[in-house]
Amino acid sequence: MPRLKAVIFGAIGVIAETSDYQRRAFNAAFAEAGLGWQWDMATYRRLLAINGGQERIRAYGDEQPPLQPVTDDLVRDLHARKTAIYADMLQAGALEPRAGVVALIDACRAAGVAVAFCTSTSRDNVDAIRDALGSQLDFAVFDTIVTIDKIEHVKPAPDAYLHCLAALGVRADDAVAIEDTPVSMASALAAGLAVIATPGAMTDDQDFAGAALVLPDLTGVTLEQIDDLMLERAG
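Keep in mind that what you see is a predicted model, and the values were worked out from it rather than measured.

Student: Quick one: what's the story with helix H10 (residues 223-234), residue by residue and with numbers?
Tutor: For H10, with twelve residues, the first-to-last C-alpha span of 16 Å sits near the 16 Å given by 1.5 Å per residue. Leu223, Ile226, Asp227, Leu229 and Met230 are the residues of H10 that are buried. Down the axis of H10, the sector holding all buried residues measures 155°, keeping them to one side. Among the exposed residues of H10, those pointing more than 90 degrees away from its buried face are Glu224 and Glu232. Buried residues along H10 sit against strand E1 (6-9), helix H6 (101-111), strand E4 (175-179), strand E5 (194-197) and strand E6 (213-214).

Student: Which residues make up the environment of glutamine 54, and what values go with them?
Tutor: Along the chain, glutamine 54 turns up in helix H4 (residues 53-63). On the basis of relative accessible area, glutamine 54 is assigned to the partly exposed category, the value being 31%. A C-alpha to C-alpha distance of 16 Å links glutamine 54 and glutamine 64, two positions ten residues apart in sequence. What glutamine 54 contacts, discounting residues up to four positions off in sequence, is Val75, Arg76 and His79.

Student: Break down the pattern of salt bridges for me, with residues and values.
Tutor: Under the counting rule described, the total for this entry stands at 17 salt bridges. Linking aspartate 127 and arginine 130 is a salt bridge whose minimum nitrogen-to-oxygen distance equals 3.3 Å. Remark: arginine 130 and aspartate 127 occur in helix H7 (residues 123-133); sequence separation between them is three residues, near one turn of the helix. Assessed through its relative accessible area of 18%, aspartate 127 is described here as buried. The exposure class assigned to arginine 130 is partly exposed, which follows from its relative accessible area of 31%.

Student: Explain the sheet that holds strand E2 (residues 114-118) to me, and be specific about the residues and the numbers.
Tutor: Pairing within the open sheet is parallel, and its six strands lie in the order E3-E2-E1-E4-E5-E6. At either end of the open sheet lies a strand with only one pairing partner, and these are strand E3 (144-146) and E6. Of the pairings in the sheet, the one linking E2 to E3 comprises three bridges and is parallel in character. Along E3, the bridge assignment pairs cysteine 118 with valine 146.

Basis of the calculations
Residues numbered from 1 in each chain as written. Predicted model: local features only at pLDDT ≥ 70, side-chain atom pairs only at ≥ 80, totals over all residues. Heavy atoms only, no water. Helix = DSSP H or I, 4+ residues; strand = E, 2+ residues; numbered from the N terminus. Expected span 1.5 Å × (residues − 1). Buried < 20%, exposed > 50% of the residue type's maximum accessible area, 1.4 Å probe, protein only. Arc of directions from axis to C-beta. Contact = heavy atoms within 4.5 Å. Salt bridge = Lys/Arg side-chain N within 4 Å of Asp/Glu carboxyl O. Pairing = 2+ DSSP bridges.

Okay, structure coming up:
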(Lines give C-alpha, C1' and ligand atoms only; values in the text may rest on other atoms or scores of the structure.)
Protein backbone atom coordinates (compact mmCIF):
# COMPACT_ATOMS: atom_id res chain seq x y z
CA MET A 1 0.00 0.00 0.00
CA PRO A 2 1.30 3.47 -0.79
CA ARG A 3 1.73 5.90 2.08
CA LEU A 4 -0.28 8.38 0.04
CA LYS A 5 -3.62 9.04 1.75
CA ALA A 6 -5.04 11.97 -0.19
CA VAL A 7 -4.78 13.71 -3.56
CA ILE A 8 -5.95 17.31 -3.43
CA PHE A 9 -6.91 19.12 -6.62
CA GLY A 10 -6.15 22.74 -5.83
CA ALA A 11 -7.92 24.78 -8.49
CA ILE A 12 -10.59 24.76 -11.15
CA GLY A 13 -7.82 25.11 -13.74
CA VAL A 14 -6.28 21.83 -12.59
CA ILE A 15 -9.51 20.02 -13.43
CA ALA A 16 -10.56 21.84 -16.63
CA GLU A 17 -8.98 24.51 -18.83
CA THR A 18 -11.23 27.51 -18.25
CA SER A 19 -8.91 30.51 -18.30
CA ASP A 20 -10.11 32.04 -21.55
CA TYR A 21 -13.76 31.50 -20.61
CA GLN A 22 -13.03 33.41 -17.43
CA ARG A 23 -11.17 36.21 -19.20
CA ARG A 24 -13.99 36.74 -21.67
CA ALA A 25 -16.58 36.65 -18.89
CA PHE A 26 -14.70 39.34 -16.97
CA ASN A 27 -14.59 41.51 -20.10
CA ALA A 28 -18.31 41.06 -20.69
CA ALA A 29 -19.07 42.10 -17.10
CA PHE A 30 -16.84 45.15 -17.44
CA ALA A 31 -18.56 46.14 -20.69
CA GLU A 32 -22.03 45.81 -19.12
CA ALA A 33 -20.88 48.10 -16.30
CA GLY A 34 -19.60 50.67 -18.80
CA LEU A 35 -16.09 50.64 -17.38
CA GLY A 36 -14.13 50.50 -20.62
CA TRP A 37 -11.82 47.86 -19.14
CA GLN A 38 -10.52 45.12 -21.41
CA TRP A 39 -8.28 42.27 -20.32
CA ASP A 40 -6.22 40.94 -23.22
CA MET A 41 -4.28 37.68 -22.93
CA ALA A 42 -1.12 39.37 -21.64
CA THR A 43 -3.04 41.30 -19.00
CA TYR A 44 -4.87 38.23 -17.80
CA ARG A 45 -1.65 36.23 -17.61
CA ARG A 46 -0.21 38.99 -15.41
CA LEU A 47 -3.29 39.16 -13.19
CA LEU A 48 -3.21 35.41 -12.61
CA ALA A 49 -0.30 36.09 -10.26
CA ILE A 50 -3.05 37.40 -7.95
CA ASN A 51 -5.30 34.72 -6.51
CA GLY A 52 -9.07 35.21 -6.60
CA GLY A 53 -11.30 36.98 -9.08
CA GLN A 54 -12.35 39.79 -6.76
CA GLU A 55 -8.73 40.45 -5.85
CA ARG A 56 -7.80 40.65 -9.55
CA ILE A 57 -10.61 43.11 -10.22
CA ARG A 58 -9.53 45.30 -7.33
CA ALA A 59 -5.85 45.23 -8.30
CA TYR A 60 -6.60 46.10 -11.92
CA GLY A 61 -9.10 48.78 -10.97
CA ASP A 62 -6.58 50.45 -8.70
CA GLU A 63 -4.28 50.79 -11.74
CA GLN A 64 -6.89 52.59 -13.87
CA PRO A 65 -7.90 56.27 -14.03
CA PRO A 66 -10.53 56.93 -11.34
CA LEU A 67 -13.56 56.92 -13.62
CA GLN A 68 -15.43 55.60 -10.62
CA PRO A 69 -14.23 54.43 -7.21
CA VAL A 70 -13.28 50.75 -7.00
CA THR A 71 -15.49 50.09 -3.99
CA ASP A 72 -16.18 46.79 -2.28
CA ASP A 73 -19.71 46.88 -3.73
CA LEU A 74 -18.43 47.43 -7.28
CA VAL A 75 -15.92 44.59 -6.97
CA ARG A 76 -18.55 42.24 -5.55
CA ASP A 77 -21.13 43.15 -8.20
CA LEU A 78 -18.67 42.80 -11.07
CA HIS A 79 -17.53 39.42 -9.83
CA ALA A 80 -21.08 38.18 -9.34
CA ARG A 81 -22.01 39.22 -12.87
CA LYS A 82 -18.82 37.69 -14.28
CA THR A 83 -19.66 34.41 -12.54
CA ALA A 84 -23.15 34.34 -14.07
CA ILE A 85 -21.82 35.10 -17.56
CA TYR A 86 -19.08 32.50 -17.11
CA ALA A 87 -21.60 29.83 -16.12
CA ASP A 88 -23.65 30.58 -19.24
CA MET A 89 -20.52 30.36 -21.42
CA LEU A 90 -19.58 27.00 -19.93
CA GLN A 91 -23.04 25.58 -20.52
CA ALA A 92 -22.94 26.73 -24.13
CA GLY A 93 -19.45 25.29 -24.70
CA ALA A 94 -17.98 21.81 -24.76
CA LEU A 95 -15.87 21.71 -21.62
CA GLU A 96 -13.90 18.55 -20.86
CA PRO A 97 -11.68 17.52 -17.93
CA ARG A 98 -7.98 18.03 -18.49
CA ALA A 99 -6.07 14.97 -19.64
CA GLY A 100 -5.40 12.41 -16.92
CA VAL A 101 -7.69 13.94 -14.29
CA VAL A 102 -10.46 11.34 -14.41
CA ALA A 103 -7.99 8.43 -14.62
CA LEU A 104 -6.11 9.63 -11.53
CA ILE A 105 -9.34 10.12 -9.58
CA ASP A 106 -10.49 6.64 -10.56
CA ALA A 107 -7.17 5.20 -9.40
CA CYS A 108 -7.50 6.99 -6.07
CA ARG A 109 -11.00 5.67 -5.50
CA ALA A 110 -9.94 2.14 -6.35
CA ALA A 111 -7.01 2.32 -3.91
CA GLY A 112 -8.91 3.96 -1.07
CA VAL A 113 -7.01 7.23 -1.42
CA ALA A 114 -9.10 10.29 -0.52
CA VAL A 115 -9.77 12.90 -3.20
CA ALA A 116 -10.44 16.55 -2.44
CA PHE A 117 -11.04 19.80 -4.29
CA CYS A 118 -9.43 22.72 -2.47
CA THR A 119 -9.95 26.18 -3.97
CA SER A 120 -10.31 29.72 -2.72
CA THR A 121 -12.87 30.59 -5.37
CA SER A 122 -16.62 30.82 -4.81
CA ARG A 123 -19.00 27.90 -4.53
CA ASP A 124 -20.87 29.35 -7.54
CA ASN A 125 -17.74 28.96 -9.69
CA VAL A 126 -17.29 25.39 -8.52
CA ASP A 127 -20.95 24.63 -9.24
CA ALA A 128 -20.60 26.11 -12.73
CA ILE A 129 -17.72 23.74 -13.52
CA ARG A 130 -19.58 20.80 -12.00
CA ASP A 131 -22.63 21.49 -14.15
CA ALA A 132 -20.58 22.05 -17.32
CA LEU A 133 -18.64 18.80 -16.93
CA GLY A 134 -21.82 16.85 -16.15
CA SER A 135 -21.39 13.11 -16.37
CA GLN A 136 -17.74 13.41 -17.43
CA LEU A 137 -16.75 14.05 -13.81
CA ASP A 138 -19.15 13.44 -10.94
CA PHE A 139 -18.20 15.87 -8.15
CA ALA A 140 -19.61 13.41 -5.63
CA VAL A 141 -16.21 11.67 -5.90
CA PHE A 142 -14.65 14.44 -3.81
CA ASP A 143 -14.46 13.61 -0.13
CA THR A 144 -14.44 17.32 0.63
CA ILE A 145 -14.68 20.55 -1.37
CA VAL A 146 -13.18 23.73 0.09
CA THR A 147 -14.38 27.09 -1.25
CA ILE A 148 -13.86 30.69 -0.17
CA ASP A 149 -16.77 30.63 2.27
CA LYS A 150 -14.89 28.14 4.47
CA ILE A 151 -11.66 30.12 4.89
CA GLU A 152 -10.50 33.45 6.24
CA HIS A 153 -7.56 34.13 3.93
CA VAL A 154 -7.33 33.17 0.25
CA LYS A 155 -4.30 31.59 -1.36
CA PRO A 156 -1.30 32.03 -1.13
CA ALA A 157 -2.19 31.82 2.58
CA PRO A 158 -2.34 28.15 3.66
CA ASP A 159 -5.88 28.40 5.09
CA ALA A 160 -7.65 26.47 2.32
CA TYR A 161 -5.25 23.54 2.54
CA LEU A 162 -5.19 23.47 6.32
CA HIS A 163 -8.99 23.35 6.32
CA CYS A 164 -8.94 20.61 3.68
CA LEU A 165 -6.43 18.47 5.56
CA ALA A 166 -8.45 18.79 8.76
CA ALA A 167 -11.65 17.81 6.94
CA LEU A 168 -9.93 14.76 5.45
CA GLY A 169 -8.23 13.85 8.71
CA VAL A 170 -4.80 13.44 7.11
CA ARG A 171 -1.40 15.00 7.67
CA ALA A 172 0.31 17.15 5.07
CA ASP A 173 3.06 14.53 4.79
CA ASP A 174 0.48 11.98 3.63
CA ALA A 175 -1.09 14.10 0.88
CA VAL A 176 -0.13 15.71 -2.40
CA ALA A 177 -1.56 18.86 -3.97
CA ILE A 178 -1.99 19.45 -7.69
CA GLU A 179 -1.85 23.12 -8.68
CA ASP A 180 -1.76 25.18 -11.87
CA THR A 181 -0.47 28.59 -10.71
CA PRO A 182 2.55 29.60 -8.61
CA VAL A 183 0.42 31.64 -6.20
CA SER A 184 -1.84 28.67 -5.47
CA MET A 185 1.17 26.36 -5.27
CA ALA A 186 2.58 28.65 -2.58
CA SER A 187 -0.51 27.95 -0.48
CA ALA A 188 0.03 24.20 -0.64
CA LEU A 189 3.74 24.52 0.12
CA ALA A 190 2.98 26.76 3.10
CA ALA A 191 0.65 24.06 4.42
CA GLY A 192 3.48 21.51 4.13
CA LEU A 193 2.29 19.55 1.09
CA ALA A 194 4.25 18.21 -1.84
CA VAL A 195 3.01 19.75 -5.09
CA ILE A 196 2.62 18.46 -8.62
CA ALA A 197 2.24 21.44 -10.96
CA THR A 198 0.21 21.18 -14.15
CA PRO A 199 0.35 24.73 -15.59
CA GLY A 200 -2.58 25.84 -17.70
CA ALA A 201 -2.69 27.72 -20.97
CA MET A 202 -2.29 31.06 -19.21
CA THR A 203 0.37 30.00 -16.69
CA ASP A 204 2.74 27.80 -18.69
CA ASP A 205 5.37 30.57 -18.72
CA GLN A 206 5.42 31.06 -14.94
CA ASP A 207 7.94 29.87 -12.37
CA PHE A 208 6.97 26.66 -10.55
CA ALA A 209 10.17 26.32 -8.52
CA GLY A 210 9.28 24.37 -5.41
CA ALA A 211 7.05 21.85 -7.16
CA ALA A 212 8.07 18.22 -6.78
CA LEU A 213 7.12 17.66 -10.42
CA VAL A 214 5.99 19.93 -13.27
CA LEU A 215 3.95 18.29 -16.03
CA PRO A 216 1.84 19.54 -18.94
CA ASP A 217 -1.06 17.43 -17.62
CA LEU A 218 -1.75 14.30 -15.55
CA THR A 219 -1.58 11.78 -18.39
CA GLY A 220 -0.03 8.56 -17.16
CA VAL A 221 0.53 9.75 -13.58
CA THR A 222 0.20 6.84 -11.13
CA LEU A 223 -0.26 6.60 -7.39
CA GLU A 224 3.05 4.75 -7.18
CA GLN A 225 4.79 7.64 -8.92
CA ILE A 226 3.24 10.13 -6.50
CA ASP A 227 4.20 7.98 -3.54
CA ASP A 228 7.81 7.84 -4.76
CA LEU A 229 7.86 11.65 -5.02
CA MET A 230 6.62 12.00 -1.47
CA LEU A 231 9.13 9.50 -0.12
CA GLU A 232 11.94 11.27 -1.96
CA ARG A 233 10.79 14.60 -0.52
CA ALA A 234 10.64 13.16 2.99
CA GLY A 235 13.93 11.38 2.56
